[in-house]
Amino acid sequence: MPGVRTRRANGGGAQPIVVLGMGHVGLPTALGLAELGWTVFGADDAADKIERLKAGEATFYEPAMQELLTKHLASGRFHPTKDVDAAIASSKVVFVCVGTPQRDDGAADLSQIEAVARTIARNLDGYKLVVEKSTVPASTAERIKRTIERYARMRSSLTGKNGRAHRNGRHQTKQPVPRFDVASNPEFLQEGKAIHDFFHPDRVVIGVESEVARELLEEIYQPLKCPIVVTDLATAELIKHSANAFLSTKISFINMISDLCEAVGADVESVARGLGLDPRIGPQFLKAGIGFGGYCFPKDLRALIHLGEEHGVPCGILRSVEEVNLRRVDVFLEKLRHALWVMRGKTIAVLGLAFKPLTDDIREAPALRVIEELIKEGASVRLYDPEAMPSAQQVFPESTGQVEYCRSAYEASRGAHALVLVTEWEEFRNLNWKKVREAMEVPVVVDGRNLLDPVEMDEAGFEYSSMGRGTRQAASALERAGKP
Ligand code: UGA
């Protein structure tokens, strides 16, 4: 990667690193470490995933990832493996990147983390640094430590000097548990920019309890030339959850303001600009629209609320953030209902299925709720997304009769009574909208991401609405009426 000087030549004497979990965090991290010069095992017990990686096929869409995968399979620095035990046994640093899904009560489900701790204990044959990268509630690293200790101790008391187990035997010899450290090193990778973010982090946070752990992690991250924030374990864990909660709060805040803009005829984009130029506020994550989705913000917000409740700390702010977000799809659909009056029997073109552009990830994507509602209300949907259609087909199969997948935005708009824009893919901005209008039965467009220009859409003959852009709509109406 440009600007990054690698420190470890392959085979330069350092022990390999193992990354456990080849998902949206693990795979970019493993490839990033390989690019920095480390020999990396990418371990996952999902055999199909490993087979595809070994065959050189990226298992999900992420810009620049395919190239890095091809490069480091060839360089011999990236080794996908389903032999998790062997990979841990031969590595000194173990990055834990397994999933932390959500339980029914909103708390993080840490069963995969616990299973990993037991596997590490089973393979603890010398010093290891266990680095928690998955997003977890504060105190998880402490629990990982206790779990490894407990299982490693049990194992050592069952294992004789020759390494064989003597469960009931008189020859039982207690072996000391090898030293290990647990560190917290939260990831701040954004899907769609994960590879870029790995090499250009704003900061690296490391929660450590020993100098050895600190030195090992600093050695890994120093080539990235960014501030390294060193803390204790719980603080590092909380930094990650707070970062996601704060960014979600910004989005819900601007979405609330967006509704107010509509109520009073103001323009949310100008409000966001006016706000964001204050360096204390900043311009990012102030894009109003259909709300946030994905595998991180919604679930991390709930996990943090749950953590607060567990500790008796009221988290009302975060509850409001979630409530505002849940209402976004309703606000959006209300615009469509307003335009169409009756939904039953209508054909709606849906542009964008992924929870944001540059990914094929549809987890908690606003598009899912939009499509569910449209189907429930008796409409048919014609769907198009540049990357996420295979994932969406698992959730909404065509066999239901109300769903059709299309090869382009133009095909999706054919015969549609309305078009809804749910993900702001760049290709949608650059569509030939005249051609889209000619294909549609009725030229209604509801833009959930404020991607398109209201004036241009009016000029192109659309009945266009978007989120919180009151005065711009009014301005274009005035222009149409020939007023100043
Ligand atoms: C988020 C964080 O941005 C990363 O720093 C973090 O590492 C990651 O979660 C994680 O915890 O793993 P990600 O979920 O990939 O990254 O996506 P974002 O770019 O943060 O967007 C999240 C959602 O917010 C998307 O649905 C996006 O459309 C929405 N969003 C974002 C807005 O509605 N408005 C905005 O101004 C920005």
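An account of the accompanying structure is given in this report.

**Considering the pairing of strand β7 (residues 204-207)**
Here is step 1: Residue alternation in β7 divides its side chains into two sets, V204 and I206 and V205 and G207, and both sets are buried.
Here is step 2: Two strands pair when backbone bridges link them, and β7 and strand β8 (residues 228-231) are joined in this way by four bridges, in the parallel orientation. Its bridge partner lying in β8, I206 is registered against V230.
Here is step 3: Assessed by its sense of winding, the connection that carries the chain from β7 through helix α8 (residues 211-221) to β8 is right-handed.

**Structural notes on the packing of aromatic side chains**
Here is step 1: Tallying each qualifying case throughout the model produces five aromatic pairs.
Here is step 2: Look at F292 and F297: their rings are 5.8 Å apart centre to centre, the planes differ by 80°, and that puts the pair in the edge-to-face class. The burial state of F292 is the same as that of F297; both residues are buried.
Here is step 3: Ring geometry for Y384 versus F428: centroids 6.1 Å apart, planes at 65°, classification edge-to-face.

**Things to note about the packing of helix α9 (residues 233-264) against helix α12 (residues 316-340)**
Here is step 1: At a minimum axis separation of 9 Å, α9 and α12 run at an interaxial angle of 45°. Of the possible angle classes, the one that applies to α9 and α12 is oblique. As α9 packs across α12, the resulting crossing turns out to be left-handed. Contacts from A245, S248, T249, S252, N255, M256, S258, D259 and E262 in α9 reach I317, L318, V321, V324, N325, R327, R328, V331 and K335 in α12.
Here is step 2: A breakdown of the residues in the contact of α9 with α12 according to their chemical character gives seven nonpolar, six polar and five charged.

Basis of the calculations
Residues numbered from 1 in each chain as written. Predicted model: local features only at pLDDT ≥ 70, side-chain atom pairs only at ≥ 80, totals over all residues. Heavy atoms only, no water. Buried < 20%, exposed > 50% of the residue type's maximum accessible area, 1.4 Å probe, protein only. Helix = DSSP H or I, 4+ residues; strand = E, 2+ residues; numbered from the N terminus. Pairing = 2+ DSSP bridges. Right-handed = clockwise from strand over helix to strand, strands pointing away. Phe/Tyr/Trp six-rings, centres within 6.5 Å; stacked < 30°, edge-to-face > 60°. Axes fitted to C-alpha atoms, helices over the stretch in contact; angles between N-to-C directions. Parallel < 35°, antiparallel > 145°, perpendicular 65-115°, else oblique. Left-handed = near helix turned anticlockwise from the far one by under 90°. Contact = heavy atoms within 4.5 Å. Nonpolar A, V, L, I, M, F, W, Y, C, P; charged D, E, K, R; others polar.

What is shown is where atoms sit, not what they do.
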